[in-house]
Amino acid sequence: PPQLENQSPLDDGPWEIFSMEPDVFRDWVGHGHRSEPHPPLGLVHLDDNSTPRDRSGSFSVHGGDGSGFLYVDGDLTLSGSFTYRGLIYVEGELRVNGDAWILGAVVARGGVRQRGGSRLTILHSRDAVGQCVPRGRDRIVFLSWREVSK
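In this text, all values refer to a predicted model and were calculated from it rather than measured experimentally.

A.B. asks: Which parts of the structure should I look at to understand the confidence of the model for the chain?
C.D. replies: Low-pLDDT portions of the prediction should not be read for the details of their coordinates. Across the chain, pLDDT averages 85, with 82% of residues at or above 70. At the low end of the mean pLDDT range in the chain sits helix α2 (residues 126-132), at 88; at the high end sits strand β3 (residues 74-90), at 96. The low-confidence segment residues 137-146 (pLDDT under 50) makes six contacts with residues lying over four places distant or belonging to another chain.

A.B. asks: Looking at this model, I keep getting lost on unusual backbone geometry. Mind explaining?
C.D. replies: The amide bond that connects His38 to the next residue, Pro39, takes the cis arrangement and shows omega of -5°. Among the structural elements, Pro39 can be located in the loop between α1 (22-29) and β1 (41-46). A positive phi angle, near 55°, is found at Ser19, a position not held by glycine. Residue placement: Ser19 occurs in the segment before α1. Of note, Arg53 is a non-glycine position whose phi angle comes to about 60°, a positive value. Among the secondary structure elements, Arg53 is positioned in the loop between β1 and β2 (57-72).

A.B. asks: I'm lost on the pattern of salt bridges in this one. Help?
C.D. replies: Should the charged atoms of two oppositely charged side chains come close, the side chains can pair. Scanning the entire structure with this criterion turns up seven salt bridges. One salt bridge in this structure joins Asp75 and Arg95, with 3.2 Å as the shortest N-O distance. One end of the pair, Asp75, is in strand β3; the other, Arg95, is in strand β4 (residues 94-108), and 20 residues separate them in sequence. Arg95 gets classed as partly exposed once you look at its relative accessible area, which sits at 22%. Across the pair Glu93 and Arg95 runs a salt bridge, and its minimum N-O distance is 2.7 Å. Assessed through its relative accessible area of 16%, Glu93 is described here as buried.

A.B. asks: Which parts of the structure should I look at to understand the nonpolar core?
C.D. replies: Proteins that are soluble and globular tend to have nonpolar side chains buried together. Leu70, Val72, Leu76, Leu78 and Ile88 are the most contacted members of the largest nonpolar core, which totals 17 residues. Counting residues per element, the ones that place at least two in this core are β1, β2, β3 and β4. The residues contacting Leu76, other than those within four sequence positions of it, are Phe59, Ser60, Val61, Leu70, Ile88, Val90, Glu93, Leu94 and Arg95. Phe25, Trp28, Val29 and Leu87 belong to the second largest nonpolar core, which has 13 residues in total.

A.B. asks: What is the right way to read the packing of aromatic side chains from this model?
C.D. replies: The description of an aromatic ring pair uses the distance of the two centres, along with the angle that the planes make with each other. What the rule picks out here adds up to 11 aromatic pairs. Ring geometry for Trp28 versus Phe69: centroids 5.7 Å apart, planes at 10°, classification stacked. Taken together, the residues Trp28 in helix α1 and Phe69 in strand β2 connect sequence positions 41 residues apart.

A.B. asks: Help me understand the pairing of β2, please; the structure alone is not making it clear to me.
C.D. replies: On a regular strand, each side chain points to the face opposite its neighbour's, so the side chains alternate between the two faces of the sheet. Bridge count for β1 against β2 is six bridges, and the pairing is parallel. Along β2, the bridge assignment pairs Leu41 with Ser67. Across 15 bridges, β2 lies against β3 in parallel orientation. Counterpart to Gly68 in the pairing with β3 is Gly86.

Thresholds, definitions, all that
- Residues numbered from 1 in each chain as written.
- Predicted model: local features only at pLDDT ≥ 70, side-chain atom pairs only at ≥ 80, totals over all residues.
- Heavy atoms only, no water.
- pLDDT = per-residue confidence, 0-100.
- Helix = DSSP H or I, 4+ residues; strand = E, 2+ residues; numbered from the N terminus.
- Contact = heavy atoms within 4.5 Å.
- Salt bridge = Lys/Arg side-chain N within 4 Å of Asp/Glu carboxyl O.
- Buried < 20%, exposed > 50% of the residue type's maximum accessible area, 1.4 Å probe, protein only.
- Core = buried A, V, L, I, M, F, W, Y, C linked by side-chain atoms within 4.5 Å.
- Phe/Tyr/Trp six-rings, centres within 6.5 Å; stacked < 30°, edge-to-face > 60°.
- Pairing = 2+ DSSP bridges.

Written out as structure tokens, the structure is:
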């Protein structure tokens, strides 16, 4: 795939994106999940142990439509047909084994690898990141919805 030239070096950590201190960021994302939600929605932190930023995890998302902030301490494989709105931050390698369409931003500290025949489309959008990344630890969850007409 084509590479962009003259990019700024990677940040010191994901907390810089949000203008946070490392401890505040770790408190915000909380303890990592050992299994992937399907689809990833809201603030999702994937980690196979409690050691921050050791890149030891290996996770997969198999298709679906996700949104929010997906933070992965390790490698992430996207397979099938996957769409995402928001920010994906991978401490390890991002692998694409299907069709992935992302509106927002991607940081893959270990690089990106595409399997033959796979397609990765990233449309950088500050607005999508701002709208989809949850603010604070709590988020609103709709348990039900009902239209009322008079």
